[in-house]
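Listed here are the chains, written in short residue letters.
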Amino acid sequence: MPRYAVMAPQETVDGQGSPAGFPSAPLRNELEGSTRAGLDTTAVLPYARSRTSSRTQWLRAWMMTAPVDVVALLAPLLLSQNYWRGTLANAALTVAFFAAGGLYRPRRHVSILDELPSLFGRLLASAAVVAIIAAERHSSVEYVGGFIRGVALSAVLVIVGRAASRAFTILVRKRRWAEHNAIIVGNGPIGLELARLLRRYPQYGLRFVGCVDAASRQGTGALPLSGTLDDLEHLVRLLECEVLVIADPECHESALMDTLLRPRSSQCDLWAVPRLWGSRSHQGGYPDHIGAIPIVKIGDISFSGPRWAIKRASDMLFAAIALIALSPVLLLCAIATFIDGGPGIFFHQERIGRHGRPFKVIKFRSMRPVNEQESQTNWSIAHDKRVGPIGRFMRRTSLDELPQLWNILRGDMSVVGPRPERPYFVEKFSAEYPDYASRHRVPVGLTGLAQVSGLRGDTPISDRARFDNYYIENWSLWLDVKVVLRTVAEVFRGGGR
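Residue positions are given per chain, counting from 1 as you read along its sequence in written order. Where local features are concerned, this predicted model is filtered to residues with pLDDT of at least 70; where side-chain atom pairs are given and counted, the filter is 80 or more; whole-chain, interface and lining totals use all residues. For side-chain calculations, the full set of non-hydrogen atoms in the structure is used, while hydrogens and water are omitted.

Comments concerning the pairing of strand β3 (residues 180–185)
Argument step 1. Only protein chains enter the calculation, and the probe is 1.4 Å; a residue is then buried if its accessible area is under 20% of its type maximum, exposed if over 50%, and partly exposed in between. Secondary structure elements are defined from DSSP: runs of H or I of at least 4 residues count as helices, runs of E of at least 2 residues count as strands, and each element is numbered from the N terminus. Among the six residues that make up β3, six are buried, leaving the element largely enclosed by the rest of the structure.
Argument step 2. Here β3 shows a buried face lined by H180, A182 and I184 and a second buried face lined by N181, I183 and V185.
Argument step 3. By convention, a crossover is right-handed whenever its connection, traced from the first strand over the helix to the second and viewed with the strands pointing away, goes clockwise. In this region the chain leaves β3, passes through helix α7 (residues 189–200) and returns to the parallel neighbour strand β4 (residues 206–213); the handedness of that crossover is right-handed.
Argument step 4. Being paired, for any two strands, means DSSP has found at least two bridges between them. In this structure, β3 lies alongside strand β6 (residues 243–246), joined through four bridges in parallel fashion. Paired with I183 across the two strands is L244, which belongs to β6.

Quick word on helix α9 (residues 253–260)
Argument step 1. What α9 keeps buried is the set L256, T259 and L260. For α9, the buried positions fall inside an angular range of 95 degrees around the axis, keeping them on one side.
Argument step 2. Contacts between residues were defined by any pair of non-hydrogen atoms, one from each residue, lying within 4.5 Å. Its buried side turned inward, α9 meets β3, α8 (232–238), β6 and β7 (269–272). This arc is taken over the directions from the axis of the helix to the C-beta atoms.

Quick look at the packing of helix α3 (residues 62–74) against helix α6 (residues 141–174)
Argument step 1. Angles shown run from 0 to 180 degrees and are taken between the N-to-C directions of axes, each axis being a line fitted to C-alpha atoms and, for helices, limited to the stretch in contact. One can describe the packing of α3 onto α6 by two numbers: an axis separation of 8 Å at closest approach and a directional angle of 155 degrees. In terms of their interaxial angle, α3 and α6 are classed as roughly antiparallel. With respect to the hand of their crossing, α3 and α6 are arranged in right-handed fashion. Contact with α3, carried on its side by M64, T65, V68, D69, A72 and L73, involves S154, L157, V158, G161, R162, S165, R166, F168 and T169 of α6 and no other residues of that element.
Argument step 2. Residue classes in the contact of α3 with α6 are distributed as seven nonpolar, five polar and three charged. Any angle that falls under 35 degrees is termed roughly parallel, while one over 145 is termed roughly antiparallel, one within 65 to 115 roughly perpendicular, and all others oblique. Rotating anticlockwise by less than a right angle from the far helix to the near helix defines a left-handed crossing, while the corresponding clockwise rotation defines a right-handed one. Residues are grouped as follows: Ala, Val, Leu, Ile, Met, Phe, Trp, Tyr, Cys and Pro are nonpolar; Asp, Glu, Lys and Arg are charged; every other residue, Gly included, is polar.

Points about the packing of aromatic side chains
Argument step 1. The aromatic pairing rule takes the rings of Phe, Tyr and Trp, using the six-membered ring of Trp, and pairs them if the centres are within 6.5 Å, calling planes under 30 degrees apart stacked, those over 60 edge-to-face and the rest tilted. Across all of its chains, the model carries eight aromatic pairs by this definition.
Argument step 2. Pairing Y83 with F147 gives two aromatic rings, centres 6.3 Å apart and planes at 55 degrees, and the pair type is tilted. You can see Y83 sitting in the loop between α3 and α4 (84–100) and its partner F147 sitting in helix α6, a full 64 residues away along the chain. For the pair formed by Y83 and F147, the shared burial category is buried.
Argument step 3. Ring pairs connect the aromatic residues Y424, F425, F429, Y433 and Y436, which therefore count as one cluster.

Points about the side chain of S154
Argument step 1. In this structure, S154 sits in helix α6.
Argument step 2. Ignoring any residue separated from it by four or fewer positions in sequence, one finds S154 in contact with A72, L73, P76 and N90.

Observations regarding the sheet that holds strand β5 (residues 227–228)
Argument step 1. With respect to topology, seven strands assemble into an open sheet ordered β5-β4-β3-β6-β7-β9-β8, the strand pairing being mixed. At either end of the open sheet lies a strand with only one pairing partner, and these are β5 and β8 (288–290).
Argument step 2. Relative to strand β9 (residues 293–298), β7 is paired through three bridges, and the arrangement is antiparallel. Following the sheet pairing, W271 is matched in β9 by K297.

Observations regarding the pattern of salt bridges
Argument step 1. When a carboxyl oxygen of Asp or Glu is within 4 Å of a side-chain nitrogen of Lys or Arg, the pair counts as a salt bridge. Scanning all chains against the criterion turns up 17 salt bridges.
Argument step 2. One salt bridge in this structure joins K311 and D480, with 3.0 Å as the shortest N-O distance. One end of the pair, K311, is in helix α10 (residues 306–325); the other, D480, is in helix α18 (residues 477–493), with 169 residues separating them in the sequence. Accessibility assignment for this pair places K311 and D480 in one class, buried.
Argument step 3. With a shortest N-O distance of 3.4 Å, R422 and E421 are connected by a salt bridge. For the pair shown, R422 and E421 are each scored as buried.
Argument step 4. Among the charged side chains, a salt-bridge network with shared partners connects D69, E115, R162 and R166.

As for the packing of helix α5 (residues 112–137) against α6
Argument step 1. Put simply, α5 and α6 touch, their axes get as near as 10 Å, and they point 160 degrees apart. As the angle between them shows, α5 and α6 are arranged roughly antiparallel. Relative to α6, the crossing made by α5 is right-handed. Packed against α5, whose contacting residues are I112, E115, L116, L119, F120, L123, A127, V130, A131, A134 and A135, the element α6 presents V144, F147, I148, V151, A155, V158, I159, R162, A163 and R166 at the interface.
Argument step 2. In terms of residue class, the contact of α5 with α6 is made up of 18 nonpolar, no polar and three charged.

Here it is as structure tokens:
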């Protein structure tokens, strides 16, 4: 079996002398001497970043691809402004279809031939939609024909622009003008082969800078470790890592997720080699790979960037509209709570939110606890005799939780998310269930997928954590809408506690 060694980084020469990343002459002589001595040695050498790539590390492929697409789609306006409304509509719809189809997602293997089927289908779909609308609005065959010719021209230009941008992307990667530092997680055979491929083929745009794995693999794997999983946060900062590649680590998934959710690690792009090769499971409509090793891009696991901005904006809009529309209901609930229990209609209680930060949740009071200890540690009051008929009705219909709309506006909570829990139970459940703490990578919610799936009251905590983490990993605006609609149905059925 070949022996592998990781040598210290070599200084590079940017634009002159030996190519960046290749070993110096003394080191080459040493390797050649080892080979002549009959040793089958393959060196996997981390190499220093070029000066050019250090200035372009903020660039992403979509930053060039999306503008090229927009320019190509708007090009017919240079020939005629008669169809400007249809041209703009076609451009917006096409870009939306491209984004939904994953055509702006990062890829390691870049090829215009891989993208052509998806490009053709989405160009045809958007053109058909806009052409049908144009035909309905204009009865002139000549007008519609001229518009269709413009759409056809823009489609051709999109494909030409894509081919040019892909060729340019491959060029700058091969010249190492744009590359991203990558740490491989797992030093088994797959991790070793990935390190070798990244070192040999720069067109994948990743620079191998180190490998981490469980401490039990120290000295036993194919690649010497740069550190253990516990060192990953430090190595991400030290090596200016931008990409993590999950290969074949020797650890439980819960331990790996705990590591990946730490502040610096969660800011890296995350790629993973699927465990079931041949399963044909991939994202974005067509598979990606590094040297025939399948690899998939893992979506944002901590709600940051554009996804977080979209969710936060939708939360604020929903909460503002709901507070205004439901103000008469809130007033009636306040009056009923006062009649049922006297002054102090609101109940403030400490809960744990995003990243483990505490906040005060606001609810309509349905009973008065004996003391703060009971408030923090009593799991359920569903059958407590101190809850009056009004409080029981409000809890069953979830009306007691409407004041949490204010928590949403403040940013403490989200409309949809994991259930907010008290510190005592968060600490208890986090120790008992490995996946429970992962719920707090996102804001807690007024409602959630677990709640509308029947996991309320005295139901298994492990099931709740699994549903909450599924929601986080598969989040979309439509998923939020579905949960809200199911929540409304639960309210009308009186399916609360």
